[in-house]
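Chain residues, written in single-letter form:
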Amino acid sequence: MSPRRHTPSGAGLPVISEPIMRVQAGTHHDPFEVLGLHVQPDGSTLVRAFLPPAEAVEVAGGPMARVAGTDFFERLLPSGAAVDPHPVLRWQDKGAGNWHTTQSPYSFGPQLGEMDLYLIGEGRHFEAWKVLGARVKNIDGVDGCLFAVWAPAVQRVSVVGNFNEWDGRRHPMRCRGTSGIWELFIPGLAAGQAYKYEILGRHGQLVRKTDPYARQMFMRPETTSCVPDDTPYAWCDSSWIEARAGFDWQHRPVSIYELHPGSWRRHADGSFYTWSELVAELIPYVLDLGYTHIELMPVAEHPLDASWGYQVSGYYAPTARYGSADDFRAFVDACHRAGIGVLLDWVPAHFPKDDFALARFTGEPVYEHADPRRGEHQEWGTLVFDFSRNEVRNFLVANALYWLDEFHIDGLRVDAVASMLYLDYSRQPGEWLPNQSGGRENIEAVQFLREMNTEVHGRFPGVLTIAEESTAWPAVSRPVELGGLGFSMKWNMGWMNDSLDYIEKEPVYRKYQHNQLTFSQVYAWTENFVLPLSHDEVVHMKKSLLDKMPGDTWQRFANLRLFYAWQYAHPGKKLLFMGGEFGQWNEWKEAGQLDWVLLEFPAHDSIRTLLRDLNHLYRNETALHEFDFDPRGFRWIDCHDADQSILSFVRQGQDASAQMIVLLNFTPVPREGYRIGMPSGAAWCEVLNTDSAYYGGSNLGNGQTLHPQNLPWMGFEYSIEVTLPPLGAIFLKPCG
């Protein structure tokens, strides 16, 4: 029963109670104390409503009296009267305006269970999106929307929107004790309604914020959250999901086509393709090229196109740029039915300072660390999550699981892992704080990453987690129980940087940098590596891959073909950014589409043909993928021929007969009669030659069957003389 510190109107001069004045002033932490139904000691029921825009209010067929000097209305229903547990209020606009009907939100009991509150506080509610945010529900036979948000140490939180004229006094929420959780069920609200939270901080600061757990946002430049439609999507990919649970990714081919969905293709007027349009055009294109997976740059909501999605403002909301959440589900569903996996860039390393989103969520730091030496990336102009807070870690771990559960995503590529691991990342002395042991390691971030990987792999067998980690942090892709971070794989930034630096040199100088190609074998087996040629390498004046290549036009194309052969022959899974598959000349720009007109030129279309053939060779030949992470899958034939800039090696699978010899000539000089050791005396056939006329090359190679001689060479019992094409690679396998 509510404390009643004033006499109802009509029974004497009213004395306004302190709780009523706190609601009137918008500072009450629990408006349910005052509003709604309150049974009195004599059995009567006091009905109270707070309606600032109302001139008059009625309930149960009779008028409610205004509490003098306030926007409160109340009526005392006698004992024994039939009382609707959720009374309908009829009210008139001030100035004798229109009449409206509403239902009081303040007659409904608490909705979040104590276990929900406990788990969120512990940081272990891994389905938090199912209780926080906005969710259309039917409670006690009443349709409406339940809102819940974590906003600790504040005076008031209200839901605001068009339904209450964005007036924060109208729908203040209930505080759930010390949990920092605020909730309110508002009858009559349906999917599609715009809303935000108005928060009155502990020091009187008033902010208006989007919902951190919003599962839908309006199209930029709007910054409002949208009540989502929770009608279940009818998935048709059960066979894919079942097979994925047993996916032996360590020994199977993984070839990834990375893309930015907003600039792969665009309409003539510059508008984005929708997810359904990408289904029609992207999926057949990727299938034809032979990729096993696509990797989408971040599709969580973000305000700025130029951030490419890496400055996320709506972690639980698929961006409205390309369609609805169900449109995105349909895209993933279609990929799965076509046999293509979908990986998603995920960004727990930082978030932007936009004042409508997570930054200073209550007017004070909540999601970020309060000290900028811990809570801000000065270089990027972004904020860093406070991984020491249980609720923040819960927000992120649950978010990773959300994309896997709700959208059937097959893996997460985690952006900027190094920036989370090191407290001094991109900071000068004095700009960072050491950990409790005086070190530079972010212990809380390590705990978060291990927890995230443990939960992902435990709940979704076969799903991949891939770290973009650019340092020598040990055991990134080793299990948590063995002291690792628990990722499935790690981007091999060393291979990428060394290989690109090497291939950009004029061939005459390459012999002096031969170790840039061979050094990767020193550490190749320390992690489960992906070899990335990503978007980061074709932006910010770095030039496109083709434009990086030295020499005249013919040599540039030949170098690029050779470089792709090096990537597919080297141990590790493969990743290429869109446009690289046909040799785009220009750097990638997110504001337009790829230069598709280039495919009308044979030289560019031949690059695409080569990528198609490399993908199919990689997928079909176990020697090229079965031991990507195992030294048994690789053996040098000759790694010392720096003077001629030639590499030769054997790739091998579980079956000893599954072998592939790869020879790469990094100079424009043809090599006739080049002798190499052979692992067997069987006949060998040339199965791919990047210098083939089919790919735009000079067509120099070894078309005939090759028969090794019983002449030991470089530790092999047999050897053979071959012809190496200029700036070319050849792949040999046993005939038959």
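Scroll up to find the structure.
Residues numbered from 1 in each chain as written. Predicted model: local features only at pLDDT ≥ 70, side-chain atom pairs only at ≥ 80, totals over all residues. Heavy atoms only, no water.

*Asks:* Honestly, the packing of aromatic side chains in this entry has me stumped. Any pointers?
*Replies:* Within a pair of aromatic rings, the relevant descriptors are the distance that separates the centres and the angle that separates the planes. Under the definition given, this model contains 52 aromatic pairs. On the basis of an interplanar angle of 15° and a centroid distance of 6.4 Å, the ring pair of Phe 328 and Phe 331 is categorised as stacked. Highlighted residues: Phe 328 and Phe 331, both in helix H5 (residues 325-337), separated by three residues, approximately one helical turn. Across the pair, exposure class does not vary: Phe 328 and Phe 331 are buried alike. Aromatic side chains Phe 328 and Phe 407 sit 5.4 Å apart centroid to centroid with 40° between the ring planes, which places their arrangement in the tilted category. Linking Phe 328 in helix H5 with Phe 407 in helix H7 (residues 390-407), this pair joins segments that are 79 residues apart in sequence. (Phe/Tyr/Trp six-rings, centres within 6.5 Å; stacked < 30°, edge-to-face > 60°. Helix = DSSP H or I, 4+ residues; strand = E, 2+ residues; numbered from the N terminus. Buried < 20%, exposed > 50% of the residue type's maximum accessible area, 1.4 Å probe, protein only.)

*Asks:* What is the right way to read the sheet that holds strand E7 (residues 99-103) from this model?
*Replies:* Strand-to-strand pairing in sheets goes through backbone hydrogen bonds, with the strands running parallel or antiparallel. Within the open sheet, the seven strands sit side by side as E1-E2-E5-E4-E3-E6-E7. Their pairing is antiparallel. The sheet is open, and its two borders are formed by strand E1 (36-39) and E7, each paired with just one other strand. Averaged over all neighbouring strand pairs, the angle between strand axes comes to 30°, with direction disregarded. Relative to strand E2 (residues 45-50), E1 runs antiparallel, the two being bridged by four bridges. Within E2, the position partnered with Leu 37 by the bridge is Val 47. (Pairing = 2+ DSSP bridges. Axes fitted to C-alpha atoms, helices over the stretch in contact; angles between N-to-C directions.)

*Asks:* Would you take a moment to explain the layout of surface pockets for this structure?
*Replies:* Vacant regions in the atomic arrangement are exposed by a probe of water-molecule size rolled over the atoms. Counted as a void, the largest pocket has a volume near 610 Å³. Taken together, 22 residues line the largest pocket, and the ones lying closest to its centre are Trp 308, Tyr 310, Trp 380, Asp 415 and Asp 536. (1 Å grid on protein atoms, 1.4 Å probe; cavity = no way out; pocket = protein on both sides within 12 Å on 5 of 7 lines; lining within 4 Å. Points joined across faces, edges and corners; volume = space filled by probe spheres on them.)

*Asks:* When you look at the packing of H7 against helix H9 (residues 443-459) in this model, what are you seeing that I'm missing?
*Replies:* Relative placement of two packed helices is described by the angle separating their axes and the distance separating the axes. It is at 10 Å that the axes of H7 and H9 come closest, and there the two elements cross at 30°. Judged on the interaxial angle alone, H9 and H7 are roughly parallel. As H7 packs across H9, the resulting crossing turns out to be right-handed. The residues of H9 that touch H7, namely those facing Arg 393, Leu 396, Val 397, Ala 400, Leu 401 and Leu 404, are Glu 444, Gln 447, Phe 448, Glu 451, Met 452, Glu 455, Val 456 and Arg 459. For the contact of H7 with H9, the residue count by class is eight nonpolar, one polar and five charged. (Parallel < 35°, antiparallel > 145°, perpendicular 65-115°, else oblique. Left-handed = near helix turned anticlockwise from the far one by under 90°. Contact = heavy atoms within 4.5 Å. Nonpolar A, V, L, I, M, F, W, Y, C, P; charged D, E, K, R; others polar.)

*Asks:* Please clarify how the sheet that holds strand E12 (residues 181-187) should be interpreted in this entry.
*Replies:* Strand order across the open sheet formed by four strands is E8-E9-E12-E11, with antiparallel pairing between neighbours. Either end of the sheet is taken by a strand with one partner, and the two such strands are strand E8 (133-139) and strand E11 (174-175).

*Asks:* In this structure, what is going on with the state of the cysteines? I would like to understand it.
*Replies:* Disulfide: a covalent bond connecting the sulfur atoms of a pair of cysteines. Using the criterion set out here, one finds one disulfide in the structure. At a sulfur-sulfur separation of 1.9 Å, the disulfide partner of Cys 685 is Cys 735. Across the S-S bond linking Cys 685 and Cys 735, the dihedral sits near 110°, which makes this disulfide right-handed. Of the two residues, Cys 685 sits in strand E32 (residues 684-689) while Cys 735 sits in the segment after strand E34 (728-734), which places them 50 residues apart along the sequence. No disulfide involves Cys 236; its sulfur sits 14 Å from the nearest other cysteine sulfur, which is in Cys 335. Residue class for Cys 236 comes out partly exposed when judged on its relative accessible area of 48%. In this structure Cys 335 comes out as buried when scored by relative accessible area, which is 1%. (Disulfide = S-S within 2.5 Å.)

Read these as spatial facts, not as claims about activity.
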